[in-house]
Amino acid sequence: MDQNRVYIFDTTLRDGEQSPGASLDIHEKVTIAHQLAKLGVDVIEAGFPVSSQVQFKAVQNIAEQVKGPSIAALARCIDVDIEQAARALEKAEKPRIHTFVATSKIHLDKKFKKSEDEILDMAIKGVKKAKGYVADVEFSPEDSARTGKAFLFKIVQAAIEAGATVINIPDTVGYTNPEEFAELIKELRQSVSNIDNAILSVHCHNDLGLAVANTLAAIKNGAQQAEVTINGVGERAGNAALEEVVMTLVTRQGYYGKTLSINAEEIMNTSRMVSHLMGIPVQPNKAIVGGNAFAHESGIHQDAVIKDASTYEIMSPSDIGLESNKIVLGRHSGRHGLKTRLAELGFVLIKEELDHVYDRFLQVADKKKEVYEEDLLALVSDETEKTENKYQLVYFHILSGNQTAPTAAIKLRYEDKIIQDAAVGDGPIDAACKAIDKLTGSDVKLAEYNLRGVTSGKDALGEVVVRLEKNGKKYLGRGASTDVIEASIRAYLSAVNRIHTEK
Ligand code: KIV
Ligand code: ZN
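Residues numbered from 1 in each chain as written. Chains lettered and ligands numbered in written order. Predicted model: local features only at pLDDT ≥ 70, side-chain atom pairs only at ≥ 80, totals over all residues. Heavy atoms only, no water.

**Comments concerning the sheet that holds strand β16 (residues 473–481)**
Then step 1. In spatial order, the strands read β14-β15-β16; together these three strands make up an open sheet with antiparallel pairing. In this open sheet, the two strands that pair with only one neighbour each are β14 (445–453) and β16. Sheet twist, expressed as the average angle between the axes of neighbouring strands with direction ignored, equals 15 degrees.
Then step 2. Pairing of strand β15 (residues 462–470) with β16, which is carried by nine bridges, proceeds in the antiparallel orientation. Bridging across to β16, V465 finds its partner in R478.
Then step 3. Running over the sheet, helix α15 (residues 373–383) touches β14, β15 and β16 and is turned about 130 degrees from β16. (Pairing = 2+ DSSP bridges. Helix = DSSP H or I, 4+ residues; strand = E, 2+ residues; numbered from the N terminus. Axes fitted to C-alpha atoms, helices over the stretch in contact; angles between N-to-C directions. Contact = heavy atoms within 4.5 Å.)

In structure tokens form, the structure reads like this:
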């Protein structure tokens, strides 16, 4: 094994999808998995198959369709979890079962009420069982960073003896710091006699904003695999961001001396795809992929960058595939040109989806002279789910004003029927949502509503992201249009459709 190689294990589709409100459907997960393969990650953690039918199917589809990276499935050290993970991975070219059990005293006492010996036994049995299905087994002692060192070293040693090929050390609650975590990794290397028989991995959460720093400190001190997510999405404050870990290792190659298999020019495409499909915007000042990451505001900086970009830029925007707001297509562009451009952005569409997106693209191109990459992303994110949808927007009419009761009339296609109704509301969007509720028999709460201009200019496309709440669960909906009321109706309907699909 190349001692300088760092493996990138992407868990956007598993830990990342545990971000509040970030649920993806199976088709969206497969789309992201294909893009992750294009990005060149070594491992895609596709999901937690035992946790739901959707998770199971998503892992199964990804295992079958996405070639290149290893495909991992998560499982507790419990028989049924491992059996389901193995079944979901049957068609994978390179399957990996990732099994875990918590090892910290807090978790043993409060969560499990089990002794260290009982946990040790679960870990050994879990790894052995997984090994019965696949050669590549990863074991994680959950909450490692708060686990007593003696027990941590003992369970790691035992998991490797049982056949684990990868040992992952998670800082589950984002508690550690770079110096302490580096020391832990060094001590693991010194104290666990069989550690060289496995790849040593780290998995850091960002509760104190240290996930990337902790990951890098571990890599500097002997960790060979980094578990990361695109845009740092994940449970609570998220996970270490892939783009930050990767670009630090690339930009500071001289300091870290590591090699990777990542195609960094795909970072921007992947970041935008994940942000659009999850409905989680990237903050403007986010390192690497934020809107301002390469923007120079001060006159002195701008002048110097024109003279020589290296004065204030340690990376070039093109290193991550960023070309500013490229005009991609216009109203005379054909279907083939659109298909090719979308494929470059990571969206490979089937015929019906392409037909929908093309129609929408022509409508937008008629209203806006220039269609940008960001516009296309908003349209495609809005349209890719349509083929499975039950309710589709046919027509809407809005009456609104400061002296009128806002009224919406909506016509939908439901399977082969056309249905229509009208409602009055506090405003035009409220009226439209009420009309949709009547038509679809929905009883939901609008928990979140966000509207943003996709690009600048008065003719910009508006993108609406909503989250509807039903029985304590949130459902994402997205819609895009040059008309913000239409974008809102589309977003609301897309969330209603997700609820119906789940039913
Ligand atoms: O944070 C964590 O401990 C995890 C494990 C399942 C690896 O996500
Ligand atoms: Zn985690």
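Now that the structure has been shown, the text picks up again.
**Details of the coordination of the zinc ion (ligand 2)**
Then step 1. Coordination sphere of the zinc ion (ligand 2), protein contribution only: D15 (OD), H203 (NE2) and H205 (NE2), at 2.0 to 2.2 Å.
Then step 2. Along the chain, the residues that donate to the zinc ion (ligand 2) are spaced as D-x187-H-x1-H. The exposure classification of H203 matches that of H205, with both residues buried. (Donors = N, O, S within 2.8 Å, 3.2 Å for Na, K, Ca; no water. Buried < 20%, exposed > 50% of the residue type's maximum accessible area, 1.4 Å probe, protein only.)

**Digging into the domain arrangement of the chain**
Then step 1. In terms of domain boundaries, the chain breaks down into domain 1 (7–278), domain 2 (328–384) and domain 3 (389–502).
Then step 2. Averaged C-alpha coordinates put domain 1 and domain 3 at centres separated by 38 Å.
Then step 3. With eight residues of domain 1 at the contact, the number on the domain 3 side is seven residues.
Then step 4. Carbon and sulfur atoms supply 34% of the area that domain 1 and domain 3 bury against each other, a total of about 610 Å² over both sides.
Then step 5. Ranking the residues of domain 1 by area buried against domain 3 places G21, S23 and H276 at the top, with a combined share of 63%.
Then step 6. Our enumeration of links across domain 1 and domain 3 arrives at two salt bridges.
Then step 7. With its nearest N and O atoms 2.8 Å apart, the salt bridge here joins E28 to R478.
Then step 8. At the boundary of domain 1 and domain 3, one finds six residue pairs in polar contact (both at pLDDT 80 or more).
Then step 9. It is helix α11 (residues 267–278) that provides the largest number of residues to the side of domain 1 that touches domain 3, a total of three residues.
Then step 10. Per-class residue counts for the side of domain 1 that touches domain 3 are three nonpolar, three polar and two charged. (Domains from an automatic or database assignment. Buried area = accessible area lost by both parts, 1.4 Å probe. Salt bridge = Lys/Arg side-chain N within 4 Å of Asp/Glu carboxyl O. Polar contact = N/O pair within 3.5 Å; in protein donor to acceptor, adjacent residues only side chain to side chain. Nonpolar A, V, L, I, M, F, W, Y, C, P; charged D, E, K, R; others polar.)

**What about the pairing of strand β6 (residues 166–171)?**
Then step 1. Where burial is concerned, most of β6 is hidden: six out of the six residues are buried.
Then step 2. The two faces of β6 match: V166, N168 and P170 on one face and I167, I169 and D171 on the other face are all buried.
Then step 3. Relative to β6, strand β5 (residues 136–142) is paired through two bridges, and the arrangement is parallel. When the bridges of β6 are listed, F139 appears paired with I167.
Then step 4. In this fold, β5 hands off to helix α6 (residues 149–162), which returns the chain to β6; that crossover is right-handed. (Right-handed = clockwise from strand over helix to strand, strands pointing away.)

**Here we look at the sheet that holds β5**
Sheets are built from strands that pair by backbone hydrogen bonding, the pairs being arranged parallel or antiparallel.
Then step 1. One closed barrel holds the eight strands; their spatial order is β1-β2-β3-β4-β5-β6-β7-β8, and the pairing between them is parallel. With direction set aside, neighbouring strand axes in the sheet form an average angle of 25 degrees.
Then step 2. Taken together, the seven bridges between strand β4 (residues 95–102) and β5 define a ladder with parallel strand orientation. Its bridge partner being in β5, I97 is matched across the sheet by V137.
Then step 3. Contacts from helix α8 (residues 211–220) reach β6, β7 (199–204) and β8 (225–228), with the element oriented near 165 degrees to β7.

**Some words on the packing of helix α1 (residues 26–39) against α11**
Then step 1. Orientation of α1 relative to α11, taken along the N-to-C sense of each, is 165 degrees, at an axis distance of 10 Å. Between α1 and α11, the angle is such that the two are roughly antiparallel. Note on packing geometry: the crossing formed by α1 with α11 is left-handed. In this structure, α1 contributes E28, T31, I32, Q35, L36 and L39 to the contact, and α11 contributes I267, N269, T270, M273, V274 and L277.
Then step 2. Each residue belonging to the contact of α1 with α11 can be placed in one class, and the counts come to seven nonpolar, four polar and one charged. (Parallel < 35°, antiparallel > 145°, perpendicular 65-115°, else oblique. Left-handed = near helix turned anticlockwise from the far one by under 90°.)

**Focus: the site of ligand 1**
Then step 1. What surrounds ligand 1 is the set R14, D15, H98, F100, S140, E142, N168, P170, T172, H203 and H205.
Then step 2. One of the side-chain N or O atoms of R14 is found 2.9 Å from an oxygen atom in ligand 1.
Then step 3. At a separation of 3.2 Å, an oxygen atom of ligand 1 approaches a polar side-chain atom of H203.
Then step 4. Alone, ligand 1 offers 260 Å² of accessible surface; in the complex the protein occludes 94% of this.
Then step 5. For the shell around ligand 1, the elements supplying multiple residues, two or more each, are β4, β5 and β6.
Then step 6. The class makeup of the residues in the shell around ligand 1 is two nonpolar, six polar and three charged. (Near = heavy atom within 4 Å. Areas by Shrake-Rupley, 256 points an atom, 1.4 Å probe, with all protein chains shown as cover.)

**Comments concerning the pairing of strand β12 (residues 407–414)**
Within a regular beta strand, the side chains point alternately toward one face of the sheet and then the other, so they alternate between its two faces.
Then step 1. Pairing of strand β11 (residues 391–399) with β12 involves eight bridges; the strand directions are antiparallel. Looking across to β12, one finds that Y391 is bridged to Y414.
Then step 2. When β12 meets strand β13 (residues 417–424), the two strands line up antiparallel, connected through eight bridges. The residue of β13 that forms the bridge with K411 is Q420.
Then step 3. Counted between consecutive antiparallel strands, the loop separating β12 from β13 contains two residues, among which E415 sits at a positive phi close to 50 degrees.

**Here's the deal with the pattern of salt bridges**
Then step 1. Using the criterion set out here, one finds 35 salt bridges in the structure.
Then step 2. The closest approach of N and O atoms between K29 and E17, which form a salt bridge, is 3.2 Å. Placement of K29 in helix α1 and of E17 in the loop between β1 (7–10) and α1 is noted, with a sequence separation of 12 residues between them. The pair formed by K29 and E17 is uniform in burial state, with each residue classed as buried.
Then step 3. Linking E183 and K186 is a salt bridge whose minimum nitrogen-to-oxygen distance equals 3.9 Å. With E183 and K186 both in helix α7 (residues 178–191), this residue pair falls three residues apart, about one helical turn.
Then step 4. K186 gets classed as partly exposed once you look at its relative accessible area, which sits at 34%.
Then step 5. A single network of salt bridges, built from pairs that share partners, joins R272, R341, E344, E373, E374, R452 and E463.

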